[in-house]
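Chains, contacts and geometry: an overview
If you want the building blocks of each chain, they are given just below.
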There are 2 protein chains.
Amino acid sequence: MKKIDLIVHTRHLYTLQGDGSGYRHDHSIAVDAGKILAVEPTAEIDGAYTAERVIDAWDKLALPGFIDGHMHASLCALRGLAQDVGNWMMHGLGPFEDASTPRTKDAGTRLGIAEAILNGTTTIGEDGKNADAACRFIKQAGVRGNISVRIRDAIARIYEPGELYEFNDELGRKSLEETLGVYNTWHGADGGRIRVLFGPQGADFVSEPMLLKVRQLAKERGTRVHMHLQQGSRETRQMEMRYGTRTIPWLDSRGYFDQDFIGIHLTDALDDEVRLVASRGAGMVLCSGSIGIIDGIVPPAKVFQDAGGPVALGSDQAPGNNCHNVINEMKLTALFNKIKYEDPEVMPCWKVLRMATIEGAKAIGVDDVTGSIEPGKDADIVLIDLHTPAMSPVYAEPMRNLICNLVYSATNKEVDTVIAGGRVIVEGGKPLTFDLEEILSEAGREADKVAAGASEKFWQINGVNAVYAREGKL
Amino acid sequence: MKKIDLIVHTRHLYTLQGDGSGYRHDHSIAVDAGKILAVEPTAEIDGAYTAERVIDAWDKLALPGFIDGHMHASLCALRGLAQDVGNWMMHGLGPFEDASTPRTKDAGTRLGIAEAILNGTTTIGEDGKNADAACRFIKQAGVRGNISVRIRDAIARIYEPGELYEFNDELGRKSLEETLGVYNTWHGADGGRIRVLFGPQGADFVSEPMLLKVRQLAKERGTRVHMHLQQGSRETRQMEMRYGTRTIPWLDSRGYFDQDFIGIHLTDALDDEVRLVASRGAGMVLCSGSIGIIDGIVPPAKVFQDAGGPVALGSDQAPGNNCHNVINEMKLTALFNKIKYEDPEVMPCWKVLRMATIEGAKAIGVDDVTGSIEPGKDADIVLIDLHTPAMSPVYAEPMRNLICNLVYSATNKEVDTVIAGGRVIVEGGKPLTFDLEEILSEAGREADKVAAGASEKFWQINGVNAVYAREGKL
């Protein structure tokens, strides 16, 4: 008998292999050196292996760890400060982001990623301004990182309506240098568990030469471009003023879309544009919660899927979502699309589970190593407690209700165990690789500083939350 | 110093008094004999009272216990068996409901109510077929019951399209007799904590004489009518065939709507009809999750509110929602309405919190005793753990982010303590007045029986979930 690191015995295992849920009954997962060795009936695994550690998950549901395709965890110390507001950027986030320091972003990064992990996420698609801290914490925590570093050469200032964003070579040079620095340090780190993507902020915020250069550099390095795409009317106006066309046809005419491109949001994309991007082999990330809160819009993920493109879920940011919880994103994605199409059959539960796992992995290009439970892949596994009100009772016949209840009834309370790269990192809902108490305290200390720094501008801007605060509504 | 039963010390207390959130900082709640005696600054309470029990809720958020205006907990043993399906009643619930027995409904009733309580609900608006079991468990658990007993005189059988439902006097007589039996046994029971309402199933399922009689009997007994209202096209077709008009104008012409009427769903009501019902002083219950899953529709609660009517939230049923969790209903209500109106400012968090508490209490007629934390009302209080990722960090200035995070970020994981009628019934997330293990086991045993009984019909009907089950999607 071969001695291995870990065996997980399951009654209800969803491997997500194939085109369905890949359900297996009374199967066990053999794990060694971080990888899945075998997934076979329990008796066979027991006959072939002994293990350092055995987890009896008989009263749990075993799934691939969740994929979060797009997060700004660095904003997490600003949770709950930007929602219910028409102008999210200026009236919501603005005063608080301006009062943030690198320490605020560090604290937020740790809080947001910790939250995601406790909610069952094992692939962290962090995008933004704090890639180094994100990579360090991801490595410490033991999860997979799919890190996109923000590239932008438009000057950040207030622009008049009708004014084009002003590009600046020096800004672009610095931005690219930072990205390459993060790439060189972190791409392939932690035994390949961290990958670094190139993240031009959007076609409006990055000049044409820079966009083309970024794509070329990504190609040369075998990594992907991760970019906000057709985000809203502000982007459209800039593109039309500058190039006389909308974002997607313009980028496509420059050969921008292929299997190495990940488009985020597509909030404002026309159906034909969505189909075009999908037809080029690109992936999409759908941030149901955040776009619902910020724009009141359901992005065209169904159109993207119907055109054959893979879609990942993303939790975006805590000021405007307000949580990093893929189970929440699954539920909202199913429900929002039923409402958008006024059709209860749209986006069934198994489909959104696929978006949270294997389809999401394909969309962001990590399906070679995660997103399903099969031999050769990293052992990224989440165990959901079935002995809970939300998951009870369990039906195995005539239809299994497990995914139905995971998506529509469970929250995050049922996430019991998280295994990432073969390592148990959450057990009984408690983290084993980071100090949650310290992370919560640190975020609290940073919040006090942000509050002090943001106060004057918050009242001056007098957005809707300032009105509510004054009226005693909050 | 007066000796009382309970003092709850809070840092962040939302009383829900007034027209906002009624926030109080560093206040304490004095409770005696199940009622709130005083809500004052902590020093004053400490100076005036000593208590049998003191709860230090410094790191928690204190709120009124949630109001669930409309539940069918009796269906909870069928959780997760009816979603993602176009014909919910026939292709979803049908085969499983047919295979249910009174024991299934008892087990479901306990599971659903237990779930709701653990999620912070202290007023259970159970509607349906198992009122006696619901009342017994509500009394045991210690929460408030607002029980509606189902009245119907239409024969339950398959009708051809275009065929009028057939009324039967004997069915009606029996149904009314049962209702009066439950009313006589339970109305005012448990020191007035249980109220019994009259629940005609819908204007299509109940004959005109019976509808009028029910209303008269409710008036005579000082209770309310709780009724599904303008639920869908099936109802409209019946009403137009029978009476030549739609439900709401027809009922209004018979003087049906006033402050003693609670309309459920209004899924299919026209805006003018919604305004009419609201203008008569009636209340509405909005079941965001269930109507989203079952119909892909966002009911017109905003129109009802804009016309001055109060709206409660309701979790409806676990086969089609799939949970009894008012925090979930708050989040879905805010987000669905933002999407419906494509406006992020619609349904801000404080407004849905009011729907879950004081506004909901008004809508279903229990605001004399609950829905806010103020002297004279029952001590129905929920404590939310702030020392959690979803509720962190806490901002007190320049805006408080507590309600924002409760609605958009929290799930049910943060519900720590539930106090109902002055009694601590949940502590550290664990129930003190019922045996959750036994309830889960019982539901599991019933599920096995339902599965066996439903199987043949499930495959025969061959609804979309049967297709998914066969294809290995579930």
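For the structure itself, look to the data block above.
Here goes a summary of the coordinates provided. (Residues numbered from 1 in each chain as written. Chains lettered and ligands numbered in written order. Predicted model: local features only at pLDDT ≥ 70, side-chain atom pairs only at ≥ 80, totals over all residues. Heavy atoms only, no water.)

Moving on to the pairing of strand E16 (residues 423-427) of chain B. Regular strands have side chains that alternate between both faces of the sheet. Residues and elements named next belong to chain B. By the bridge criterion, three bridges tie strand E15 (residues 415-420) to E16 in an arrangement that is antiparallel. Within the sheet, the bridge partner assigned to Val-418 lies in E16 and is Val-426. The antiparallel pairing of E15 with E16 creates a hairpin that spans two residues between the two strands, and Gly-421 there sits at a positive phi of about 55°. Here E16 runs beside strand E17 (residues 430-431); their pairing, made up of two bridges, is antiparallel. Among the inter-strand pairings, Glu-427 is bridged to a residue of E17, identified as Lys-430. Here E16 folds back onto E17, and the loop between the two strands holds two residues, one of which, Gly-428, carries a positive phi near 60°. (Pairing = 2+ DSSP bridges. Helix = DSSP H or I, 4+ residues; strand = E, 2+ residues; numbered from the N terminus.)

Okay, the interface of chain A and chain B next. In this assembly, 86 residues from chain A lie in contact with 86 residues from chain B. Between chain A and chain B, a total of about 7,000 Å² is buried, with carbon and sulfur atoms accounting for 63% of that surface. Where chain A packs against chain B, one counts two salt bridges. Here Lys-338 of chain A ties to Asp-84 of chain B by a salt bridge, and the two come within 2.7 Å at their closest N and O atoms. Summed over the shared surface of chain A and chain B, the result is 37 residue pairs in polar contact (both at pLDDT 80 or more). Within the residue set of the side of chain A that touches chain B, elements represented by two or more residues are helix H3 (102-118), helix H11 (288-295), helix H13 (326-340), helix H14 (349-356), helix H16 (402-408), helix H17 (436-461) and helix H18 (464-470) of chain A. Element by element, the count of residues in the side of chain A that touches chain B is highest for H17 of chain A, at 11 residues. (Contact = heavy atoms within 4.5 Å. Buried area = accessible area lost by both parts, 1.4 Å probe. Salt bridge = Lys/Arg side-chain N within 4 Å of Asp/Glu carboxyl O. Polar contact = N/O pair within 3.5 Å; in protein donor to acceptor, adjacent residues only side chain to side chain.)

Attention now moves to the side chain of Ser-21 of chain B. Relative to the helices and strands, Ser-21 of chain B is located in the loop between strand E1 (2-14) and strand E2 (23-25). The residues touching Ser-21 of chain B, leaving out its near neighbours within four places in the chain, are Gly-472, Lys-473 and Leu-474 of chain A together with Tyr-14, Thr-15, Leu-16 and Ile-403 of chain B.

A cluster of basic side chains, namely Lys-413 and Lys-430 of chain A together with Lys-413 and Lys-430 of chain B, defines a positive patch on the protein surface. Positionally, Lys-413 of chain A belongs in the loop between H16 and strand E15 (415-420). Lys-413 of chain A gets classed as partly exposed once you look at its relative accessible area, which sits at 34%. (Patch = residues over 30% accessible without salt bridge, like charges linked within 9 Å, V, L, I, M, F, W, Y side chains within 5 Å. Areas by Shrake-Rupley, 256 points an atom, 1.4 Å probe, with all protein chains shown as cover. Lys, Arg positive; Asp, Glu negative; His and termini not counted. Charge placed at Lys NZ, Arg CZ, Asp CG, Glu CD. Buried < 20%, exposed > 50% of the residue type's maximum accessible area, 1.4 Å probe, protein only.)

Once that is clear, we can look at the packing of aromatic side chains. Residue and element names in this part refer to chain B. A complete count under the given rule lists 25 aromatic pairs over all chains for this structure. For the ring pair Phe-96 and Phe-458, a centre distance of 5.6 Å and an interplane angle of 50° mean the geometry is tilted. Remark: Phe-458 occurs in helix H17 (residues 436-461) and Phe-96 occurs in helix H2 (residues 88-98); sequence separation between them is 362 residues. Owing to a relative accessible area of 1%, Phe-96 belongs among the buried residues under this scheme. With a centroid separation of 5.1 Å and an interplanar angle of 5°, the aromatic rings of Tyr-165 and Phe-205 are classed as stacked. (Phe/Tyr/Trp six-rings, centres within 6.5 Å; stacked < 30°, edge-to-face > 60°.)

Once that is clear, we can look at the side chain of Arg-152 of chain B. All names here are of chain B. Structurally, Arg-152 is set in the loop between strand E8 (144-151) and helix H5 (169-186). Although buried, Arg-152 forms no salt bridge, and the nearest oppositely charged side chain, Asp-153, lies 7.2 Å from it. One polar contact links the side chain of Arg-152 to the main-chain carbonyl oxygen of Ala-154, over a distance of 3.0 Å. A distance of 3.2 Å separates polar atoms of two side chains, one belonging to Arg-152 and the other to Gln-201. Not counting residues within four places of it along the chain, the set of residues in contact with Arg-152 comprises Leu-171, Gly-172, Ser-175, Gln-201, Phe-205 and Val-206.

Here we take up the nonpolar core. Counting residues in hydrophobic clusters, the biggest one holds 263 residues, and the most contacted among them are Met-330 and Leu-406 of chain A together with Met-330 and Leu-406 of chain B. In contact with Leu-406 of chain A, not counting residues within four places along its chain, are Leu-61, Leu-63, Ile-327, Met-330, Leu-353, Ile-384 and Met-391 of chain A. (Core = buried A, V, L, I, M, F, W, Y, C linked by side-chain atoms within 4.5 Å.)

Turning to the relation of the copies chain A and chain B, a few remarks are in order. Relating the two copies of this chain is a rotation about some axis coupled with a shift parallel to it. Rotating chain A by 180° and moving it 0.0 Å along the rotation axis overlays it on chain B with an RMSD of 0.0 Å. On this basis, the relationship between the two copies can be described by a two-fold rotation axis. Every residue of chain A has its C-alpha some distance from the rotation axis, and the shortest such distance is that of Lys-413 of chain A, at 2.5 Å. (Least-squares fit on C-alpha atoms with pLDDT ≥ 70 in both.)

All names here are of chain A. Residues Met-89, Met-90 and Ile-158 make up a contiguous nonpolar surface patch of roughly 300 Å² in combined accessible area. Note on placement: Met-89 falls in helix H2 (residues 88-98). Taking the relative accessible area as the measure of exposure, Met-89 reaches 41% and is therefore partly exposed.

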